[in-house]
Amino acid sequence: MTRHDEAQMPMRTAGYAKRVLSPQRLLDVPLAELLAELAVTLEESSIADPSFTGAAVVTRDRLILSMRTGQPNTEREVVARALLGRVLGVPLSLLPEPYRMSEV
């Protein structure tokens, strides 16, 4: 996800086991607990560009969140939850400017 991407589109999960998750649970559960519950791996990205805030990499059987090293914790929390919501089809409001999601 970069700060200048196009409007939000649903992400295809490429066979990743879909989980039912409410918006409230996605936003309220501590992130570490949520990642463990969903078997999501969080990795530090080698991308240092401040406009890169994160990416979700979905394979047939894994979901990896790649986040920028040195990213502020608040931004990381929000972006990780937004990416998870996108991948799992949880209805959330769009992120504010300057954040936008796109599918590659």
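All values reported here derive from a predicted model rather than from experimental measurement.

Some thoughts on the pairing of strand E3 (residues 63–68)
The side chains of a regular strand alternate, residue by residue, between the two faces of the sheet. Among the 6 residues that make up E3, 6 are buried, leaving the element largely enclosed by the rest of the structure. In E3, alternate side chains face the same way, and those of Leu63, Leu65 and Met67 on one face and Ile64, Ser66 and Arg68 on the other are all buried. The pairing of strand E1 (residues 40–45) with E3 spans 6 bridges and is parallel. Its bridge partner being in E3, glutamate 43 is matched across the sheet by serine 66. Hairpin connection from strand E2 (residues 55–58) to E3: 4 residues lie between these consecutive antiparallel strands.

Observations concerning the nonpolar core
One finds Leu65 and Leu84 to be the most contacted residues of the largest nonpolar core, which totals 24 residues. When residues of this core are traced back to their parent elements, those giving at least two are helix H2 (31–38), E2, E3 and helix H3 (73–88). A per-element tally of this core places H3 first, with 7 residues. Once residues lying within four places of it in the same chain are set aside, the contact partners of leucine 65 are Leu35, Val40, Thr41, Leu42, Glu43, Ala55, Ala56, Ala80, Leu83 and Leu84.

Side note on the packing of H2 against H3
One way to put it is that H2 packs onto H3 with a least axis distance of 11 Å and a crossing angle of 30°. If you check the angle between H2 and H3, you find them roughly parallel. Crossing angle aside, the handedness with which H2 passes H3 is left-handed. On the side of H2, the interface is formed by Leu31, Leu34, Leu35 and Leu38, while H3 contributes Glu77, Ala80, Arg81, Leu84 and Leu88. Looking at the contact of H2 with H3 residue by residue, the classes come out as 7 nonpolar, no polar and 2 charged.

Here is what the cut-offs are and how they apply
- Residues numbered from 1 in each chain as written.
- Predicted model: local features only at pLDDT ≥ 70, side-chain atom pairs only at ≥ 80, totals over all residues.
- Heavy atoms only, no water.
- Buried < 20%, exposed > 50% of the residue type's maximum accessible area, 1.4 Å probe, protein only.
- Helix = DSSP H or I, 4+ residues; strand = E, 2+ residues; numbered from the N terminus.
- Pairing = 2+ DSSP bridges.
- Core = buried A, V, L, I, M, F, W, Y, C linked by side-chain atoms within 4.5 Å.
- Contact = heavy atoms within 4.5 Å.
- Axes fitted to C-alpha atoms, helices over the stretch in contact; angles between N-to-C directions.
- Parallel < 35°, antiparallel > 145°, perpendicular 65-115°, else oblique.
- Left-handed = near helix turned anticlockwise from the far one by under 90°.
- Nonpolar A, V, L, I, M, F, W, Y, C, P; charged D, E, K, R; others polar.

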